[in-house]
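Topology and contacts: notes
Below are the chains, spelled out letter by letter.
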Amino acid sequence: MTIFPRKLRLSSTLLRRLQQKVTAVNSINTCRSFTTTEGHRPTIVHKRSLDILHDPWFNKGTAFSMTERDRLNLRGLLPPTVMSSEQQIDRFMADLKRLQINARDGPSDPNALAKWRILNRLHDRNETMYYKVLIENIEEYAPVVYTPTVGQVCQNYSGLFRRPRGMYFSSEDRGEMMSMVYNWPSDQVDMIVVTDGSRILGLGDLGVQGIGIAIGKLDLYVAAAGINPQRVLPVMIDVGTNNEKLLQDPLYLGLQQHRLEGDEYLAVIDEFMNAVFTRWPNIIVQFEDFQSKWAFKLLQRYRNNYRMFNDDVQGTAGVAIAGLLGAVRAQGRPMIDFPKMKIVVAGAGSAGIGVLNSARKTMARMLGNTEIAFESARSQFWVVDANGLITEARDNIDPEARPFARKVNEADRQGLKEGASLVEVVRQVKPDVLLGLSAVGGLFSKEVLEALKDSTSTRPAIFPMSNPTTNAECTPGEAYSIIGDNIIFASGSPFQNVDLGDGRIGHCNQGNNMYLFPGIGLGTLLSGSRIISDGMLQAAAECLAAYMTEEEVLNGIIYPPISRIRDITKEVATAVIKEAVEEDLAEGYREMDSRELRKLNQEEIANYVEDNMWNPEYPTLIYKED
């Protein structure tokens, strides 16, 4: 056997290694096109859902493909349109240029929107501090996170979108919603505000951009009602849009198709409701800014089976009723005189009809709650829409407005015909109240206000309630200067008080839904009521109406200052719980079961409410390994 020197064997090994390296280098030159470069290598992540969206290293925002969204449990956490990185850059640059133009040419992009941006950045960084700032400065910042600024936010949301907040269910997700709802990381959600973007404030169809209104409403649920921010969920249901401008906008984040209608539309909403109540059986869902034709239909479809309400129909009605009862008190009369008031309503959409239905029920209850009382109450209202006074002579009356159509002989006796103009109606009826829910800015013209001067009331009330500010039917300055000092004024959006001279002030009350919906939601949650009944809503409205002192209402102040919103909400929630117990609807909440609830007096219920209101304080954090 030949024995090779050890040195020679090592050289052979080294030679083989050198040959392998040379081969590898040559193969790189021939196979380079098949090699993945550093920026395109797949990345293994140990995060899913919101965790990955909140991580700046891995977040792609709207550029996540649908495959990735399904793989990473992101379906529903982003608007439905998948954008390229080029489109994302275009969207950012368009927003940046708009800011540059505004900075150069003056504040066409208002100061309020700049405040919203700053607050939104704080919300993204530190949620506890965000709500602490909001609560302590609620009078200044409520108009920024809610009306009127939220309207501008929704109009510009595709450009403002940075970090996803809430969930998006679209018509493209049919059949997937039951699994999608589990992409939301929280096992406990108390409150959802949902919109389909079809009628945002008075701004019309804003499609997927309408999610801004759901986010704003839930900010107020946290600030006013103390709902834990980790247990709220804003939701957009994207079924398309009929806004042609959005359909042609390549940077629009929603589905670029016309809205679904009929049974297809209902199937999407049904699937959504089934999904969220399956995962969170005790959740409360507030419907927000659905167009009138769906608002009533969906309310009737779900209200007896789910804990839900429609704020435009029921919340607006409650705030208006509180204002109307306050106007009676401001005239030095008892609230029981409410059924004697003559009310002209401009607007027959979901908000207008909601107010009419609620006001009629309130009057009927004060008159004994009989069929005769209910019919008698109907005759106190004159409803004017875009086509004028609604009478039974009109063809194709909206079914929801039909109960308030004036009988032809009634109208004739007052010198009015079908389709009579608003100014004609005001002139002939001489109403105690002129209520605007038309979303038509300036509708209460000088002629209309002049006609109201002949009101038979000693102190007529004028309520231009449409939002945002640009849609208000008139301003307080116009009302006070034309009608005179002795009026009650309340608007939907905030206005400054009017200086009447000689130290006198014309008070500009804001009939804001935020006085009621946080308390309705909180009271429903803490009572554990199976549904939200008409009685609970009525109790909320009457509580708000009684909140002001006699001295305040006689001075023309019928709504409290926003600075007292947490106390107002506590009182409203207490009234809602009390009514739920009396109607035997309450099932209790956590350790407070229905039997314990029934034992509590009013003061104890108020303490129970206050004890369950979240406050923005930093908790102690403790780390524990899995």
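- Going by what an unreviewed UniProt entry lists, the protein is known as Malic enzyme and is assigned to Cinchona calisaya.
- The UniProt entry for the protein carries the following text under Catalytic activity (unreviewed entry): "(S)-malate + NAD(+) = pyruvate + CO2 + NADH".
- Entered under Subcellular location (unreviewed entry) in the UniProt record, the comment concerning the protein runs "Mitochondrion matrix".

Side note on the pairing of strand 7 (residues 381–385)
- Most of strand 7 is tucked away, with four of its five residues classed as buried.
- Two strands pair when backbone bridges link them, and strand 6 (residues 343–346) and strand 7 are joined in this way by four bridges, in the parallel orientation. Directly across from I343, in strand 7, lies its bridge partner F381.
- One ladder, built from two bridges, connects strand 7 with strand 8 (residues 388–389); its direction is antiparallel. Note that in strand 8 the partner of D385 across the bridge is G388.
- Linkage of strand 7 to strand 8, two consecutive antiparallel strands, is achieved through a turn of two residues.

Considering the UniProt feature "binding site: (S)-malate" (unreviewed entry) in the protein
- Look at the UniProt record and you will see "binding site: (S)-malate" (unreviewed entry) annotated at R199, N467 and N512. Residues that both appear in the annotated list above and line the second largest pocket are R199, N467 and N512.
- By secondary structure assignment, the location of R199 is in the loop between strand 2 (191–195) and helix 11 (211–225).
- Residues contacting R199, with those up to four places away along its chain left out, are G204, D289, F290, Q291, D312 and S350.
- Contact partners of N512, with chain neighbours within four places excluded, come to Y146, T147, V319 and G492.
- There is a polar contact of 3.0 Å between the side chain of N512 and the backbone nitrogen of M514.

A short note on the layout of surface pockets
- Of the volumes computed, that of the largest pocket is approximately 820 Å³.
- Lining the largest pocket are 31 residues; nearest its centre among them are H54, E127, R165, P229 and Q230.
- Of all the secondary-structure elements, those providing two or more residues to the lining of the largest pocket are helix 2 (49–53), helix 5 (111–125), helix 6 (127–136), helix 11 and strand 3 (232–238).
- Grouping the constituent residues of the lining of the largest pocket by class yields 14 nonpolar, nine polar and eight charged.

Digging into the pattern of salt bridges
- Following the criterion strictly, the structure yields 42 salt bridges and no others.
- Across the salt bridge formed by E68 and K60, the nearest N and O atoms sit 2.5 Å from each other.
- For E68, a relative accessible area of 15% corresponds to the buried category.
- A salt bridge links R174 to E264; the nearest nitrogen and oxygen atoms lie 3.7 Å apart. Here the residue R174 occupies a position in the loop between strand 1 (167–170) and helix 10 (177–180), and E264 occupies one in helix 13 (residues 262–279), the gap between them amounting to 90 residues.

Some remarks on the nonpolar core
- I192, F272, M273, F287 and F463 are the most contacted members of the largest nonpolar core, which has 163 residues in total.
- For this core, the element with the highest residue contribution is helix 15 (residues 311–330), accounting for eleven residues.
- Beyond its immediate stretch of four places on either side in the chain, F272 contacts F169, M177, I192, V194, V235 and I237.
- Counting residues in hydrophobic clusters, the runner-up holds 30 residues, among them V384, L422, I482 and I483.

Side note on the packing of aromatic side chains
- Counted by the stated rule, this structure contains 13 aromatic pairs.
- With centroids separated by 5.3 Å and ring planes inclined at 65°, the aromatic side chains of F169 and F272 adopt a geometry described as edge-to-face. With a gap of 103 residues between them, F169 in strand 1 and F272 in helix 13 connect regions that are remote in the sequence. The same class applies to F169 as to F272, namely buried.
- Measuring from centroid to centroid gives 5.6 Å for Y515 and Y559, while their planes differ by 10°, and the two rings are stacked. Taken together, the positions of Y515 in the loop between strand 14 (509–510) and helix 22 (517–527) and Y559 in the loop between helix 24 (550–554) and helix 25 (565–582) put the pair 44 residues apart, joining distant regions of the chain. Note on accessibility: Y515 and Y559 belong to one class, buried.
- Put simply, the rings of F277, F287, F290, Y302 and Y306 pair up and form one aromatic cluster.

Calculation notes
- Residues numbered from 1 in each chain as written.
- Predicted model: local features only at pLDDT ≥ 70, side-chain atom pairs only at ≥ 80, totals over all residues.
- Heavy atoms only, no water.
- UniProt positions renumbered as here; feature names shortened; annotations may be inferred.
- Buried < 20%, exposed > 50% of the residue type's maximum accessible area, 1.4 Å probe, protein only.
- Helix = DSSP H or I, 4+ residues; strand = E, 2+ residues; numbered from the N terminus.
- Pairing = 2+ DSSP bridges.
- 1 Å grid on protein atoms, 1.4 Å probe; cavity = no way out; pocket = protein on both sides within 12 Å on 5 of 7 lines; lining within 4 Å.
- Contact = heavy atoms within 4.5 Å.
- Polar contact = N/O pair within 3.5 Å; in protein donor to acceptor, adjacent residues only side chain to side chain.
- Points joined across faces, edges and corners; volume = space filled by probe spheres on them.
- Nonpolar A, V, L, I, M, F, W, Y, C, P; charged D, E, K, R; others polar.
- Salt bridge = Lys/Arg side-chain N within 4 Å of Asp/Glu carboxyl O.
- Core = buried A, V, L, I, M, F, W, Y, C linked by side-chain atoms within 4.5 Å.
- Phe/Tyr/Trp six-rings, centres within 6.5 Å; stacked < 30°, edge-to-face > 60°.

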